[in-house]
Amino acid sequence: MPIDYEHLMSIRSRGDRVHYTDRDVLLYALGVGFGRDPANWNERSYVADHAGLKTLPSFASILVGNGASNNLLDDCGWDATQVVLRDESVHLERPIDESGTLLMDSEVAAVLDRGADGGALITVESRARREQGGQAVFTVRRTWLARGDGGFGGPRGSLASPHGPPERRPDMTQTFETRPDQALLFRLSADRNPLHVDPAVAKQNGLPGPLLPRLCLQGIACHAILQVICEYDHTLIRSLAVSYAGPAYPGETLVAELWQDANIVSCRLRVLERDAVVLDQGRCVLAA
């Protein structure tokens, strides 16, 4: 059954309650590579609650994924086996508390038809506010590529022009060695997709092995910016937008390539062993 454009554009939810604790914040930081060097005291405040716990800005994506809004598109008519996460952006109104309860408002913001061979692009926007006081905390925009659902007769427009890195060598690089068990650890914060743990499922999808979750790559990019540019000050990051360019596998070495122009940081993640870009078009806005 083809997806229904009018139905998709009518999908929304209001006031989804999302509760999280400092345990969730700590587990997420460990899942994106914080805390591996006991001598790095700058990372202690992200992985040790007695150090004055800080929450990674990219944790917003996990909170959206763990709320009722994560099921917003369950009955939208797409072929879920052909759907991949393509783009993710986080805009922060204020730093995320180390624990608390949020109310989430979500809706389908855009649906684009790229033709029978190009699939469909579906963007969901989720806005979070504190349950106590109602202050806005963050907005997440997430775009899915439904590869098997193009040609449904919807609008053929295009998304905003991608943010490309400057035409010069990276200003800074940082290397991250992912662990062979990193997908197992990260999935405790995100969804339990068997593609991230089951070799048989990976083989059925034409892959050599289980994948690192794409939101883990986003977290590693955020880690790199915090470490290399922000001196671990999470309050400097106001927004982070990324696109996913290819698969990454647990145990591979990721090289974060960073360019800084005033308060705009461009970023990309490349797999060292395969010289393959897996996260691209990254754009981080820092406090001016």
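Let me begin by describing the structure that accompanies this report. Bear in mind that the values here come from a model prediction, so they are computed numbers and not experimental data.

Re the pairing of strand E3 (residues 100–113)
Part 1: Judged by how many residues are buried, E3 sits mostly within the fold: 11 of 14 residues are covered.
Part 2: Summarising the sheet, strand E1 (residues 12–20) and E3 pair through seven bridges and their orientation is antiparallel. Within the sheet, the bridge partner assigned to Ser13 lies in E3 and is Ser106.
Part 3: Between E3 and strand E4 (residues 120–130), which follow one another and run antiparallel, lie six residues, and Gly115 among them has a positive phi close to 90°.

A few points about the state of the cysteines
Part 1: Throughout the structure, instances matching the rule amount to zero disulfides.
Part 2: Left unpaired, Cys284 is separated from the closest cysteine sulfur, that of Cys230, by 6.1 Å.

What about the environment of Leu73?
Part 1: Its place among the elements puts Leu73 in the loop between helix H4 (59–65) and strand E2 (83–92).
Part 2: With relative accessibility at 6%, the residue Leu73 sits in the buried group.
Part 3: Put simply, Leu73 and Arg238 are 165 residues apart on the chain and 28 Å apart in space, counted from C-alpha to C-alpha.
Part 4: Once you skip the residues sitting within four places of it in the chain, Leu73 turns out to touch Leu8, Ile11, Trp78, Val108, Ile122, Val124 and Trp144.

Some remarks on the pairing of strand E7 (residues 237–244)
Part 1: With respect to burial, E7 is a largely interior element, six of its eight residues being buried.
Part 2: Inspection of the sheet shows E2 paired to E7 by five bridges, in the antiparallel sense. Looking at the pairing, His91 lines up with Ser239 of E7.
Part 3: Taken together, the six bridges between E7 and strand E10 (residues 276–286) define a ladder with antiparallel strand orientation. Residue pairing in the sheet places Tyr244 in a bridge with Leu279 of E10.

Conventions we followed
Residues numbered from 1 in each chain as written. Predicted model: local features only at pLDDT ≥ 70, side-chain atom pairs only at ≥ 80, totals over all residues. Heavy atoms only, no water. Buried < 20%, exposed > 50% of the residue type's maximum accessible area, 1.4 Å probe, protein only. Helix = DSSP H or I, 4+ residues; strand = E, 2+ residues; numbered from the N terminus. Pairing = 2+ DSSP bridges. Disulfide = S-S within 2.5 Å. Contact = heavy atoms within 4.5 Å.

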